[in-house]
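Each chain, written out:
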Amino acid sequence: MDTGHTEEFSLPRSRAANERLHALVPGGAHTYAKGDDQYPEHLAPVISHGRGAHVWDVDGNRYIEYGSGLRSVSLGHAHPRVVEAVRRELERGSNFVRPSVLELEAAERFLATVPTAEMVKFTKNGSDATTAAVRLARAVTGRSRVAVCGDHPFFSVDDWFIGTTPMDAGIPAATTELTVAFPYGDLPATEELLTRYRDEIACLILEPAGHTEPPPGYLAGLRELADRHGCVLVFDEMITGFRWSEAGAQGLYGVVPDLSTFGKALGNGFAVSALAGRRDLMERGGLRHSGDRVFLLSTTHGAETHSLAAAMAVQTTYVEEGVTARLHALGERLAAGVREAAAGAGVGDHLVLRGRSSNLVFATLDENRQPSQQYRTLFLRQLLAGGVLAPSFVVSSALGDDDIDRTVDVVARACAVYRKALDAADPTPWLAGRPVKPVFRRLT
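Parameters and conventions
- Residues numbered from 1 in each chain as written.
- Predicted model: local features only at pLDDT ≥ 70, side-chain atom pairs only at ≥ 80, totals over all residues.
- Heavy atoms only, no water.
- Core = buried A, V, L, I, M, F, W, Y, C linked by side-chain atoms within 4.5 Å.
- Buried < 20%, exposed > 50% of the residue type's maximum accessible area, 1.4 Å probe, protein only.
- Helix = DSSP H or I, 4+ residues; strand = E, 2+ residues; numbered from the N terminus.
- Contact = heavy atoms within 4.5 Å.
- Salt bridge = Lys/Arg side-chain N within 4 Å of Asp/Glu carboxyl O.
- pLDDT = per-residue confidence, 0-100.
- Pairing = 2+ DSSP bridges.
- Axes fitted to C-alpha atoms, helices over the stretch in contact; angles between N-to-C directions.
- Parallel < 35°, antiparallel > 145°, perpendicular 65-115°, else oblique.
- Left-handed = near helix turned anticlockwise from the far one by under 90°.
- Nonpolar A, V, L, I, M, F, W, Y, C, P; charged D, E, K, R; others polar.
- Polar contact = N/O pair within 3.5 Å; in protein donor to acceptor, adjacent residues only side chain to side chain.
- Expected span 1.5 Å × (residues − 1).

Engineer: Hey, could you run me through the nonpolar core in this one?
Structural biologist: Across soluble globular proteins, nonpolar side chains have a tendency to be buried as a group. Ranked by size, the top nonpolar core spans 68 residues in total, and within it Tyr66, Phe110, Phe122, Phe379, Leu383, Phe393 and Val411 carry the most contacts. Here the element with the most residues in this core is helix α16 (residues 401-424); it accounts for ten residues. Those residues in contact with Leu383, other than ones at most four positions away along the chain, are Val388, Ala390, Phe393, Val410, Val411 and Ala414. Of all hydrophobic cores here, the second largest spans 50 residues; its members include Ala147, Val180, Leu225 and Val234.

Engineer: Is there a simple way to think about the pattern of salt bridges in this case?
Structural biologist: By the definition in use, this model includes 22 salt bridges. Arg81 is the partner of Glu321 in a salt bridge, and the nearest nitrogen-oxygen pair spans 3.2 Å. With Glu321 in helix α13 (residues 305-321) and Arg81 in helix α3 (residues 80-90), this residue pair connects regions lying 240 residues apart in the sequence. With relative accessibility at 46%, the residue Glu321 sits in the partly exposed group. Asp280 is the partner of Arg278 in a salt bridge, and the nearest nitrogen-oxygen pair spans 2.5 Å. Judged by relative accessible area, Arg278 falls into the partly exposed class, the value being 32%.

Engineer: Help me understand the confidence of the model for the chain in this model?
Structural biologist: Detailed reading of the predicted model is not advised wherever pLDDT is low. Mean pLDDT over the chain: 96, with 98% of residues reaching 70 or higher. Counted against residues more than four places away or in other chains, residues 1-6, with its pLDDT under 50, gives eight contacts.

Engineer: Sorry, what's going on with the environment of Asp403 here?
Structural biologist: With respect to the helices and strands, the residue Asp403 is situated in helix α16. Classification of Asp403 by relative accessible area gives buried; the value is 8%. Here the alpha-carbon distance between Asp403 and Leu233, two residues 170 residues apart in the chain, equals 40 Å. The residues contacting Asp403, other than those within four sequence positions of it, are Ala53, His54, Ile64, Tyr66 and Ala398.

Engineer: What is the right way to read the pairing of strand β2 (residues 54-57) from this model?
Structural biologist: The side chains of a regular strand alternate, first on one face of the sheet and then on the other. Across four bridges, strand β1 (residues 47-51) lies against β2 in antiparallel orientation. Residue pairing in the sheet places Arg51 in a bridge with His54 of β2. A loop of two residues connects β1 with β2, the two strands running antiparallel in sequence, and Gly52 in this loop sits at a positive phi of about 65°. By the bridge criterion, three bridges tie β2 to strand β3 (residues 62-65) in an arrangement that is antiparallel. Looking across to β3, one finds that Val55 is bridged to Tyr63. What sits between β2 and β3 in their antiparallel hairpin is a turn of four residues, with Gly60 showing a positive phi close to 95°.

Engineer: Which parts of the structure should I look at to understand the packing of α3 against α13?
Structural biologist: Angle between the axes and distance between the axes: these two values describe a pair of packed helices. Their axes nearest at 8 Å, the elements α3 and α13 cross at an angle of 150°. Viewed along their axes, α3 and α13 adopt a mutual orientation that is roughly antiparallel. Both α3 and α13 take part in a crossing whose hand is right-handed. Contacts between α3 and α13 pair Arg81, Val82, Ala85, Val86, Glu89 and Leu90 from the former with Thr305, His306, Ala309, Ala310, Ala313, Val314, Thr316, Thr317, Glu320 and Glu321 from the latter. In terms of residue class, the contact of α3 with α13 is built from eight nonpolar, four polar and four charged.

Engineer: Mind showing me how you'd approach the side chain of Arg223 here?
Structural biologist: With respect to the helices and strands, the residue Arg223 is situated in helix α9 (residues 218-229). Separated by 2.9 Å, the side chains of Arg223 and Asp258 make a polar contact. Excluding anything up to four places from it in sequence, Arg223 contacts Leu233, Val255, Val256, Pro257 and Asp258.

Engineer: Looking at this model, I keep getting lost on α13. Mind explaining?
Structural biologist: One full turn of an α-helix is made of 3.6 residues, so residues set three or four places apart face in the same direction. Between its terminal C-alpha atoms α13 stretches 24 Å, which fits the 24 Å expected from 17 residues at 1.5 Å a residue. Along α13, 14 of the 17 residues are buried, which leaves the element largely enclosed by surrounding structure. Gly322 lies just past α13 and shows a positive phi near 60°.

Engineer: Before we go on, may I ask you to explain the pairing of β3 in this structure?
Structural biologist: In this structure, β3 lies alongside strand β13 (residues 388-389), joined through two bridges in parallel fashion. Across the sheet, residue Ile64 finds its bridge partner in β13, namely Val388.

Right under this line is the structure:
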């Protein structure tokens, strides 16, 4: 709501909890994207609990939540089918000295859901899976360089990727030099890179789709380039998996990578990710081949039974309840409402929605239509005061039409304040503190 140049909305308990977190946890959170620097000053809620599409903070406020669990909780918090599957396995033991039969069942279920892959190995987080894909590609090609899509924001916490970001402290230059970048959607530029580093690039790794759809023929063209230059094509499906289709973007667009990685939505918040791909490549990390062994993935908790049970419940729910279609429908309803509200307030060229309807993000542009962290701060403050927690507009299937309508009402009020700030050519009076900051930056 518009309260002029002051905000009555405050979070004293969350503020105190954040201070305690910073005293004990570097960054105040275990994921940089969850840090309080990503929110307006003193308005970073500390969550008490969640159910469905709603969360409650320690101050007792309820929010409609978007981007749940950094896109991982796509069915909503505490989804009954997932909770029941997890509870059943917790009572049977979670980790053993030999594989559980659940590892077999989970692999069968995954490969039935993603039939473009022939083998799968589970682990706990996306970084382990993407790094395993890179290591495997280097092993099978005998090459050292990795080509990442420079237009995609994140692939791994490991040195081969983090060395390419502004937060490269502690990473040897020799490691960083082995990673090169190519632009999304530009086949000639990618071919030029492969030619410049002829017989040096082990793999091309990218998200098959992001804020824009792949240009016609682009993914098929990458497939052809990888084959012609003898490198491995890796699709990072951490986000596109399930949100684009149950079989990921590769299932939707019909282009089969050599390797692919899945996570986030796979466990509905439980820690499980997957590396999947061609049998002849994946088996190099196994016991039934004649070549040098590849240390693919070996994690104590990689096959915890309750996480695998969660993954199977998620896949069953997606298929039986048509979750992907629901995510798209909810996103389309939300996008239409937000765009109408922004246009009605005269900020339609400044609050811009991007991405597939199941994976919407927003950009906040200043009076010169340039990206602005100040206007993002203003917008987030207004959303929070209206009971909407939305670092993005990525939907979960637990949202109802009333949640969407309520969100659009809050957005409309936020856009009215946005318009006032644009007219003043200065959002500062509406910030009440420092602006939010980019995740990847060199200095604090």
